[in-house]
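# Survey of secondary and tertiary structure
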Amino acid sequence: MPTTSPGRLVHDAEGRNSGTRPSIDPHHVITPVSQFFKRSHAEYPVVDVKAWRLQVRGLVERPLTFSLEELTRAFPVRDVAATLVCAGLRRDEFLALGPLPGELPWGPEAASTGRWRGVSLADVLRAAGVTDGARYVELIGLDQVERHGERFGFGGSIDVDKALGADVLLATELNGAPLPMAHGFPLRAVVPGWIGARSVKWLAQINLSSEPSANYFQSKAYRVQREINPDDPRDVSAGVAMRGVPLNAVIVDPAPDAVVSAGTVRVRGWALGSEARALARIEVSPNDGETWTPAIRVAADGPWTWTFWEAAVELAAGRHTLVVRAADAAGTTQPASVAETWNVKGYGNNAWHRVPITVE
Ligand code: MTE
């Protein structure tokens with residue numbers, strides 16, 4: 001079960017997996033580092049930054065190797081504000097349907113927004129020369145994960161087309177300071193609009209290939225599979241590899257089971273389109289989906305961040321279930337219930353977010 005340290009929900013004994021409730025303050029779309037969620041599958045690596053190198057290999061015209069200084073000197077600096085969303089966000093709501101053994105019971109705290117600074121992955125790839133056959137860019141970190149008796153660096157891949165977008169960063173800074181160790185010092189990928197797992201931390205290798213990465217976290221995890229494999233109930237290798245983050249909307253205030261005064265109740269939260277697309281609408285229901293009120297968007301920070309929203313609803317004394325749902329510019333809507341989106345490892349829950357409260 002998750003434990004709490006001041007303001008932080010901690011999901012493991014080592015504190016490498018934790019998050020906080022954001023404050024929906026229009027002046028603070030960017031999450032302070034002290035409140036940023038942390039998701040790591042293994043111990044943080046010990047990195048000697050002087051010896052550290054980034055290698056670019058595979059289907060390129062010129063394999064390249066950079067020290068940190070060479071990398072930041074060779075390419076223009078770029079700033080991107082982007083929300084990271086873990087694929088396990090809101091997994092806890094699936095637990096109402098049954099256990100998900102071995103998976104962390106994340107609530108809505110597995111999402112945060114950073115102001116990232118670094119160089120464009122696209123600039124680095126162009127310097128190396130992307131060859132015709134290259135379809136995927138594999139990103140591998142220095143941490144050593146153990147799965148099925150093997151130790152390997154956490155990794156995964158993104159499509160070359162995505163990687164050539166200017167806003168996919170090799171980031172050295174978060175919110176104006178060098179990356180903290182927990183967030184990937186000295187270098188991490190930041191892949192705006194894609195699941196957090198592709199924003200590989202402690203990045204050391206970039207490999208271009210004609211095939212998706214064979215890394216465990218691409219080929220055996222972060223895959224949506226709705227049928228249980230009877231021979232191995234936790235195996236999702238036949239599922240669909242996750243790419244873009246799904247459209248989502250979350251109520252932050254009031255908190256679940258809060259007690260509020262009758263009358264006008266202010267409801268606040270965040271929303272993010274699929275692959276961070278623009279939002280078409282955000283609506284709040286005061287009565288578990290019977291009627292809906294449009295929410296007002298109060299803040300965002302560029303194309304890749306969450307949007308903070310708020311709405312006012314009238315509530316009489318009693319028990320009520322508040323609900324939020326959104327739609328995005330691609331016409332995507334959210335499923336009404338978690339049963340519609342349940343999958344074997346509990347990824348990508350983007351059902352309408354329901355928050356029961358008591359009104360006095
Ligand atoms: N990169 C490495 N090397 N190791 C990891 O365990 N976790 C991934 C991704 N990058 C991970 C990683 C996952 S699942 C997420 S959601 C994000 O990092 C979390 O980034 P954060 O810890 O900076 O919030």
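My aim in this report is to walk through the structure given alongside it, one point at a time. If you're wondering where the values come from, they're calculated on a predicted model, not measured in any experiment. (Residues numbered from 1 in each chain as written. Predicted model: local features only at pLDDT ≥ 70, side-chain atom pairs only at ≥ 80, totals over all residues. Heavy atoms only, no water.)

Of all 8 residues making up strand β7 (residues 78–85), 6 are buried, and the element is well covered by its neighbours. Of the pairings in the sheet, the one linking β7 to strand β8 (residues 111–120) comprises 8 bridges and is antiparallel in character. Note on β8: the bridge partner recorded for V85 is A111. (Buried < 20%, exposed > 50% of the residue type's maximum accessible area, 1.4 Å probe, protein only. Helix = DSSP H or I, 4+ residues; strand = E, 2+ residues; numbered from the N terminus. Pairing = 2+ DSSP bridges.)

The next point concerns the pattern of salt bridges. The final tally for this structure, using the stated rule, is 19 salt bridges. With a shortest N-O distance of 2.6 Å, D257 and R319 are connected by a salt bridge. Of the two residues, D257 sits in the loop between β17 (248–253) and β18 (259–260) while R319 sits in strand β24 (residues 318–328), which places them 62 residues apart along the sequence. Among the charged side chains, a network of salt bridges with common partners joins R91, E103, R234 and K345. (Salt bridge = Lys/Arg side-chain N within 4 Å of Asp/Glu carboxyl O.)

What follows covers unusual backbone geometry. Put simply, F185 and P186 share a cis peptide bond, and its omega is 10°. The topology assignment puts P186 in the loop between β12 (177–178) and β13 (188–190). For the bond running from D253 to P254, omega is -5°, close enough to zero to count as cis. Positioned with a positive phi, H148 is a non-glycine residue whose angle comes to about 50°. Summarising the element assignment, H148 is placed in the loop between β9 (136–147) and β10 (150–159). Note on H148: relative accessible area 68%, which makes it exposed.

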